[in-house]
Amino acid sequence: MYTMAYILNIETATKNCSVSLGYSGQPVDLIEYAGESYSHAEKLYVFIDEILKNNKIKPTDLQAVAVSKGPGSYTGLRIGVSAAKGLAYALNIPLIAVSTLHLLARQIRTDNDAYIIPLIDARRMEVYSAVYDNNYQLIRKVQADILDDKPFDKYLNEKEVIFTGDAVPKTKEIIQHENAFFSNIKYPSAKNLIKISYKKFIDKKFENIAYFEPYYLKDFIVTRKKS
């Protein structure tokens, strides 16, 4: 059933602070900024305010808020999810969450029978990854991988694999295979949330606002300075 709906989409899991506005699954506007340092705390609410004002949309016109749920930066995820939950609660509208790796995979378009493996840098030789087919169907669930363990050999030996994300540079140093192809796309974007969040809105796949938490995947470790 076709339902008209304005949905605000938020993606802050990486260095890209990204906000989009969708109307019934179609893009209306996008504001994003990717810098070397995380500036989401300063930029996110400014972007939200701008995208609504620029399109003459009041917060009360929104039918849902969608957010990238992780994995990714602990701080970035916390800021994005807190904003999304706050808006959903204040406006009494549904909260929608989507895997960050799914959004990253959606940046790749290919007609080839290939695997798409989005990678998010998890420091050292670790990456957060998942495996999708070229229709964005999940083949292997999200997990943390150590590149030295050659976690993608199975897929490389089967067919073409397209790697994408901010962990591609260090992955290229480890993986040298005739079936390995590397995208220069570094970060997920809220523009790829638009169609997914609308589909979830139609299917009523909502999160519990009170209990929803980002998908950090690994425990956040605080390193204390040595005295």
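Quick notes on the rules
- Residues numbered from 1 in each chain as written.
- Predicted model: local features only at pLDDT ≥ 70, side-chain atom pairs only at ≥ 80, totals over all residues.
- Heavy atoms only, no water.
- Buried < 20%, exposed > 50% of the residue type's maximum accessible area, 1.4 Å probe, protein only.
- Helix = DSSP H or I, 4+ residues; strand = E, 2+ residues; numbered from the N terminus.
- Pairing = 2+ DSSP bridges.
- Axes fitted to C-alpha atoms, helices over the stretch in contact; angles between N-to-C directions.
- Left-handed = near helix turned anticlockwise from the far one by under 90°.
- Contact = heavy atoms within 4.5 Å.
- Nonpolar A, V, L, I, M, F, W, Y, C, P; charged D, E, K, R; others polar.
- Polar contact = N/O pair within 3.5 Å; in protein donor to acceptor, adjacent residues only side chain to side chain.
- Phe/Tyr/Trp six-rings, centres within 6.5 Å; stacked < 30°, edge-to-face > 60°.
- Salt bridge = Lys/Arg side-chain N within 4 Å of Asp/Glu carboxyl O.

Student: Would you mind going over the pairing of strand β7 (residues 126–132) with me for this structure?
Tutor: Counted residue by residue, β7 has six buried out of seven residues, so it is predominantly covered. For strand β6 (residues 115–121) and β7, the ladder comprises four bridges, and the chain directions are antiparallel. Of the residues in β7, the one forming a bridge with Asp121 is Val127. Hairpin geometry of β6 and β7 is characterised by an intervening segment of four residues between the two adjacent antiparallel strands and by a positive phi of about 75 degrees at Arg123.

Student: Please explain the packing of helix α1 (residues 40–54) against helix α2 (residues 74–91) as it appears in this structure.
Tutor: For any two helices packed against each other, one specifies the inter-axial angle together with the distance between the axes. At a minimum axis distance of 10 Å, the contact between α1 and α2 shows a crossing angle of 30 degrees. Viewed along their axes, α1 and α2 form a crossing whose handedness is right-handed. Of the residues in α2, those in contact with His40, Ala41, Leu44, Tyr45 and Ile48 of α1 are Gly76, Ile79, Gly80, Ser82, Ala83 and Leu87. By residue class, the composition of the contact of α1 with α2 is seven nonpolar, four polar and no charged.

Student: Looking at this structure, I do not really get the side chain of Ser189. What am I missing?
Tutor: You can see Ser189 is positioned in the loop between β10 (180–182) and α6 (193–202). Here the side chain of Ser189 touches Glu32 through a polar contact of 3.0 Å, side chain to side chain. Look past the residues within four positions of Ser189 in its chain and what remains in contact with it is Glu11, Asn16, Ser18, Leu30, Glu32, Leu103 and Gln107.

Student: In this structure, what is going on with the packing of aromatic side chains? I would like to understand it.
Tutor: The geometry of an aromatic ring pair comes down to the distance between the two centres and the angle between the two planes. In this structure the tally under the stated criterion is six aromatic pairs. Each ring, one from Tyr115 and one from Tyr155, has its centre 5.2 Å from the other, and the planes form 80 degrees; the classification is edge-to-face. Of this pair, Tyr115 sits in strand β6 while Tyr155 sits in helix α4 (residues 153–156), and the two are 40 residues apart along the sequence. Taken as a pair, Tyr115 and Tyr155 share a single burial class, namely buried. Here Phe163 and Phe182 contribute two aromatic rings whose centre-to-centre distance is 5.4 Å and whose plane-to-plane angle is 20 degrees, an arrangement assigned as stacked. Taken together, the residues Phe163 in strand β9 (residues 161–165) and Phe182 in strand β10 connect sequence positions 19 residues apart. Taking the relative accessible area as the measure of exposure, Phe182 reaches 26% and is therefore partly exposed.

Student: Would you explain the sheet that holds strand β8 (residues 138–146) in this entry?
Tutor: In any sheet, the strands associate via hydrogen bonds between backbone groups, in a parallel or an antiparallel arrangement. The strand order across the open sheet built from five strands is β8-β7-β6-β9-β10, with neighbouring strands paired in mixed fashion. Looking at the sheet topology across the chains shown, the edges are occupied by β8 and β10. Sheet twist, expressed as the mean angle between neighbouring strand axes with direction ignored, is 20 degrees.

Student: So what exactly am I meant to see when it comes to the sheet that holds strand β5 (residues 95–98) here?
Tutor: Across the sheet, which stays open at both edges, the five strands sit in the order β3-β2-β1-β4-β5 with mixed pairing between neighbours. Edge positions in the open sheet fall to β3 (26–34) and β5, since each of these has one partner strand only. Within this sheet the neighbouring strands show an average axis-to-axis angle of 15 degrees, counted without direction. By the bridge criterion, six bridges tie strand β1 (residues 6–11) to strand β2 (residues 16–23) in an arrangement that is antiparallel. Residue pairing in the sheet places Asn9 in a bridge with Ser20 of β2. Sitting on the sheet, α1 touches β1, β2, β3 and β4 (62–68), and the angle it makes with β2 is about 20 degrees.

Student: I'm lost on the pattern of salt bridges in this one. Help?
Tutor: A side chain of one charge can pair with a side chain of the opposite charge if their charged atoms are brought near each other. With the rule as written, the count across this model stands at seven salt bridges. Asp121 is paired through a salt bridge with Lys170; the nearest N and O atoms lie 2.5 Å apart. Separated by 49 residues along the polypeptide, Asp121 in strand β6 and Lys170 in helix α5 (residues 168–174) bring together distant segments of the chain. Note on Lys170: relative accessible area 13%, which makes it buried. With a closest N to O distance of 2.5 Å, Lys199 and Asp203 form a salt bridge. Here Asp203 falls in the partly exposed class, since its relative accessible area comes to 33%.

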